[in-house]
Each structure stands twice: as C-alpha cells, then as structure tokens.
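Results of the structural survey
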Amino acid sequence: MAVQHINPQGMYKSPVFSQGIILPAGARILLIGGQNGVDANGQIVGKGDVGKQTAQALANLQKVLDAAGAKLEDLVKVTIIMQQNIDLNAAFGEWMKVWGQRTNPPTVTGFRVAALANPDVLIEIEAQAVLK
C-alpha cells in the first residue's frame, strides 16, 4: 500500500497542504528535527531576515532528506514554528520556491511563539517523511 493523501469533499483543498495522510503498515519514517537558518558552522544566516532564514532552514531540511535517500515528495508532516511578529508571506514565498508545482503536499501545522531557543532564530521547521 502506498501513502494515501486525504482531502475530503467539502473541505478546503490547498496546493500546499493535505488534510490527512494514511501511511502504509510497516512504513519506515524519517523524523527530521527542527531545522533553522544556520549554516554548517552553526552561524545564523540572514539575521533579522525571515526569508533568508527560511531558505536556509529548507536547504538544511533537504540535506537531511537527501542523506536518508528521501525527497520532498516523501514528506508527510511539516511543523513550522515562527516568531509571532515575522512576515509570514516572506517565509511562505521561500516554501513555494522549494515546493513548486508538486502534487500531494504533506500535512502542515504552523504556530507563532514569543521566541525560539535562540532569540535571533525567526523560524524553525521540523518534518516527517516516509522512506521507500
């Protein structure tokens, strides 16, 4: 059985998230820890710029996917944690540059917080993917 995306009639159908996903029995799941806008040296990229930090966080997320032999299409759950005062459109624009015109998006949960562990970090993205 393959991963099954659920988008029931009568609910909003979005190109960027699915309403639900059924995973096949015995699926191997990759848990990706919160990725933020830091480079390989642990330095924040784009301090004060949520667009640059989002782009770096997504690049880091893709590196973890690549290391596990997975692709963006294998994502089934994404959680976005962002400082409460950021420009969500800038962050969303970076996501769309990466996601593009793919179909069957993951489920997505986003929430705003007063601050993240490092006050210079504006956004953190964690995810789950099904490995094939």
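Residues numbered from 1 in each chain as written. Predicted model: local features only at pLDDT ≥ 70, side-chain atom pairs only at ≥ 80, totals over all residues. Heavy atoms only, no water.

Leu61, Leu65, Leu75 and Ile125 are the most contacted members of the largest nonpolar core, which has 24 residues in total. Only β3 (28–36), α1 (50–67), β4 (75–83), α2 (88–99) and β6 (123–131) provide two or more residues apiece to this core. Once residues within four sequence positions are removed from consideration, leucine 75 is found in contact with Ile32, Leu61, Leu65, Trp95, Pro106, Ala127, Gln128 and Ala129. (Core = buried A, V, L, I, M, F, W, Y, C linked by side-chain atoms within 4.5 Å. Buried < 20%, exposed > 50% of the residue type's maximum accessible area, 1.4 Å probe, protein only. Helix = DSSP H or I, 4+ residues; strand = E, 2+ residues; numbered from the N terminus. Contact = heavy atoms within 4.5 Å.)

With respect to the helices, strands and loops of the structure, glutamine 56 is situated in helix α1. Classification of glutamine 56 by relative accessible area gives buried; the value is 16%. Residue contacts for glutamine 56: discarding those within four places in its chain leaves Asn36, Gly37, Val38, Asp39 and Val45.

Bridge count between β4 and strand β5 (residues 107–113): 7 bridges; the pairing is parallel. Across the sheet, residue threonine 79 finds its bridge partner in β5, namely threonine 109. Crossover handedness for the path β4 to α2 to β5: right-handed. (Pairing = 2+ DSSP bridges. Right-handed = clockwise from strand over helix to strand, strands pointing away.)

Judged from the 7 bridges that link them, β3 and β6 form a sheet pairing that is antiparallel. Bridge pairing in β6 links arginine 28 to leucine 131. Relative to β6, β4 runs antiparallel, the two sharing 7 bridges. When the bridges of β6 are listed, lysine 77 appears paired with glutamine 128.

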